[in-house]
Amino acid sequence: MQKNNYMDIMEKNHMEIPWHDYTENDSNVLINKAGLIEKASVIGRVGLIMLSCGTGAWRVRTSMNRLAKELGVTCTVDVGLMSIEFNCFDGKECVSQSLSIANTGVNTSKLYRMEQFVDNFPKQEAHLTGEEIHRRLDEIESIHTLYSPAKLGLAAALACCAFTFLLGGGPIEMVLAFIAAGIGNVIRTKLLKHHYTLFLNIAVSISAACLTYTVCLHLAEMLFHIPSFHEAGYICSMLFIIPGFPFITSGIDLAKLDLRSGLERLTYSVIIVLVATMFAWIMALLLKLQPQDFSSLSIDPVLHLLLRLITSFCGVFGFSIMFNSSIPMAATAAFIGAIANTLRLELVNFTAAPAAVAAFTGALTAGLLASIIKKWNGYPRISLTVPSIVIMVPGLYLYRAIYNFGIMSLTEAVSWFAAAIMIIIALPLGLIFARILTDRTFRYCT
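Residues numbered from 1 in each chain as written. Predicted model: local features only at pLDDT ≥ 70, side-chain atom pairs only at ≥ 80, totals over all residues. Heavy atoms only, no water.

Participant: Please give an account of the overall build of the protein that cites residues and values.
Facilitator: Along the backbone of the protein there are 16 helices and three strands. For the protein, whose C-alpha radius of gyration is 23 Å, the value lies close to the compact-globule estimate of 22 Å for 446 residues. The principal-axis extent of the C-alpha atoms belonging to the protein is close to 75 × 70 × 40 Å. The buried share of the protein, reckoned over its 446 residues, is 53%. Nonlocal contacts in the protein, meaning residues at least 24 apart in sequence, comprise 73% of its contacts between residues at least 6 apart. (Helix = DSSP H or I, 4+ residues; strand = E, 2+ residues; numbered from the N terminus. Rg over C-alpha atoms; globule rule 2.2 N^0.38 Å. Buried < 20%, exposed > 50% of the residue type's maximum accessible area, 1.4 Å probe, protein only. Contact = heavy atoms within 4.5 Å.)

Structure representation (structure tokens):
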């Protein structure tokens with residue numbers, strides 16, 4: 001009896017689309033003169049690649065509309081988290097297609113290439129055949145991660161280490177979080193590479209980060225006589241799992257009344273947060289960890305300001321690398337994040353502003369800076385804004401809320417949860433108002 005091989009077990013649930021079959025019979029016909037089905041294949045594929053990069057429904061629809069207008073086609077699009085349904089009309093015929101991706105993620109380098117493709121389409125691709133256009137899209141679609149799992153682990157380690165300081169942790173917590181987050185994200189990227197399911201990926205990587213932090217802390221206690229109260233930093237070691245992109249894009253989509261995409265992205269974000277915090281809570285019970293407050297640091301205000309700028313830069317740079325940004329793009333986002341996040345923290349410290357108001361101000365600042373810088377370097381605005389404010393997402397608050405729910409400390413849980421929700425609402429609102437102020441096309445429902 002023949003045993004099932006690996007390929008039989010791993011048969012894809014989502015069949016691949018043979019894009020080149022749409023152009024096989026008319027390979028010498030320019031796309032402007034091609035049939036509606038061939039034009040629709042180009043429009044749909046561009047939208048699907050944009051969607052796979054993690055951008056929101058408004059940007060996907062805008063890109064598809066621009067191509068449709070150039071090709072003399074009317075296009076109506078309905079966009080979700082992982083699927084697109086669209087119709088193309090040319091006055092004589094109508095083509096309807098339903099497309100989907102197998103998994104969602106973030107790839108800012110591919111998004112940048114796709115935005116360049118759409119911007120240059122009237123001058124370049126519009127004068128090519130459908131086959132030549134699909135070959136160019138093949139090249140863009142082949143852009144996977146720019147970095148190895150080890151480099152992505154280092155990026156997560158840097159981001160979480162910086163996160164630890166910004167949340168009030170000291171050098172010991174920062175070092176332990178650096179090690180634990182790095183190992184956790186290496187495991188996460190390995191699981192992603194082998195296409196393991198979302199829940200397993202989150203559970204294993206979060207558990208590994210918590211376990212690594214605890215083991216390193218116990219070793220430090222035995223070798224260097226480090227006191228055990230430094231266990232508070234274990235929360236920071238798992239903040240690499242924060243779903244910043246879907247959180248922010250869901251708010252932008254809801255603002256444009258793209259309810260399907262907005263609610264699906266919000267649901268996806270909530271799933272990640274719930275699974276991550278649940279397994280972190282389970283690991284805390286098994287390892288006897290408690291989310292205590294960090295011990296206070298006595299730092300001169302000017303030095304503290306400089307350290308906040310540096311750590312904010314490092315944190316945003318790390319998150320941006322995790323989103324597959326190039327080094328220049330990550331550095332640009334980190335510059336924006338250093339200013340916006342430091343402004344947020346200083347507002348809380350010196351003006352007693354509520355955390356949500358400070359978060360709104362920080363996000364608004366990041367959005368305005370990104371709009372100015374985009375005119376200079378052409379980077380996608382969302383590739384700059386989301387990494388720069390993901391460091392403001394209250395992962396610590398969300399975890400403490402779930403932890404207190406788990407131990408039935410309901411008053412504490414509700415307080416942490418309410419504070420987290422207010423900040424989460426404020427962040428996309430800040431970006432949305434920045435877009436309203438700087439982008440004329442974003443002000444209208446058209």
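Participant: Explain the pairing of strand β1 (residues 74–79) to me, and be specific about the residues and the numbers.
Facilitator: Residues in a regular strand point their side chains to alternate faces of the sheet. Side chains Cys-75, Val-77 and Val-79 of β1 all project onto a buried face; the interleaved residues Thr-74, Thr-76 and Asp-78 project onto a face where none is buried. When β1 meets strand β2 (residues 83–89), the two strands line up antiparallel, connected through six bridges. By the bridge assignment for β2, Asp-78 is matched with Glu-85. The turn joining β1 and β2, which pair antiparallel and follow one another in sequence, is formed by three residues. (Pairing = 2+ DSSP bridges.)

Participant: Explain the sheet that holds β2 residue by residue, including any values.
Facilitator: Reading across from one edge, β1-β2-β3 is the order of the three strands in this open sheet, with antiparallel pairing throughout. Strands at the two margins of the open sheet, each flanked by one partner only, are β1 and β3 (94–100). Geometrically, the sheet is characterised by an average inter-axis angle of 15 degrees between neighbouring strands, direction not taken into account. (Axes fitted to C-alpha atoms, helices over the stretch in contact; angles between N-to-C directions.)

Participant: Break down the packing of helix α9 (residues 244–255) against helix α10 (residues 259–287) for me, citing the residues and quoting the values.
Facilitator: Here α9 crosses α10 at 155 degrees, and the two axes come no closer than 8 Å. As far as their axial angle goes, α10 and α9 are roughly antiparallel. At the point where α9 passes α10, the crossing takes the left-handed sense. Along its contact with α9, which presents Pro-246, Phe-247, Thr-249, Ser-250, Asp-253 and Leu-254, the element α10 presents Leu-259, Ser-261, Gly-262, Leu-263, Arg-265, Leu-266, Tyr-268, Ser-269 and Val-273. Per-class residue counts for the contact of α9 with α10 are eight nonpolar, five polar and two charged. (Parallel < 35°, antiparallel > 145°, perpendicular 65-115°, else oblique. Left-handed = near helix turned anticlockwise from the far one by under 90°. Nonpolar A, V, L, I, M, F, W, Y, C, P; charged D, E, K, R; others polar.)

Participant: Got a sec to walk through helix α3 (residues 57–70)? Specific residues and values, please.
Facilitator: Taking 1.5 Å per residue as the helical rise, α3 with its 14 residues ought to reach 20 Å, and the 20 Å between its terminal C-alpha atoms agrees with that figure. Every buried residue of α3 is accounted for by Ala-57, Trp-58, Arg-59, Val-60, Arg-61, Ser-63, Met-64, Leu-67 and Ala-68. Just downstream of α3, Gly-72 is the residue with a positive phi angle, here 70 degrees. (Expected span 1.5 Å × (residues − 1).)

Participant: Which residues make up the side chain of Arg-45, and what values do they have?
Facilitator: Along the chain, Arg-45 turns up in helix α2 (residues 36–52). Not counting the four nearest positions on each side in its chain, Arg-45 is found in contact with Trp-19, Leu-99, His-134, Leu-137, Asp-138 and Glu-141.

Participant: Tell me about the packing of helix α6 (residues 149–166) against helix α7 (residues 171–193), residues and numbers included.
Facilitator: Viewed as axis vectors pointing N to C, α6 and α7 meet at an angle of 145 degrees, and their least axial separation amounts to 7 Å. At the point where α6 passes α7, the crossing takes the right-handed sense. For the pair α6 and α7, the contacting residues are Pro-149, Ala-150, Leu-152, Gly-153, Leu-154, Ala-156, Ala-157, Leu-158, Cys-160, Cys-161, Thr-164 and Phe-165 in the first and Glu-173, Met-174, Ala-177, Phe-178, Ala-181, Gly-182, Asn-185, Val-186, Thr-189 and Lys-190 in the second.

No statement about biological role is implied by the geometric values presented.
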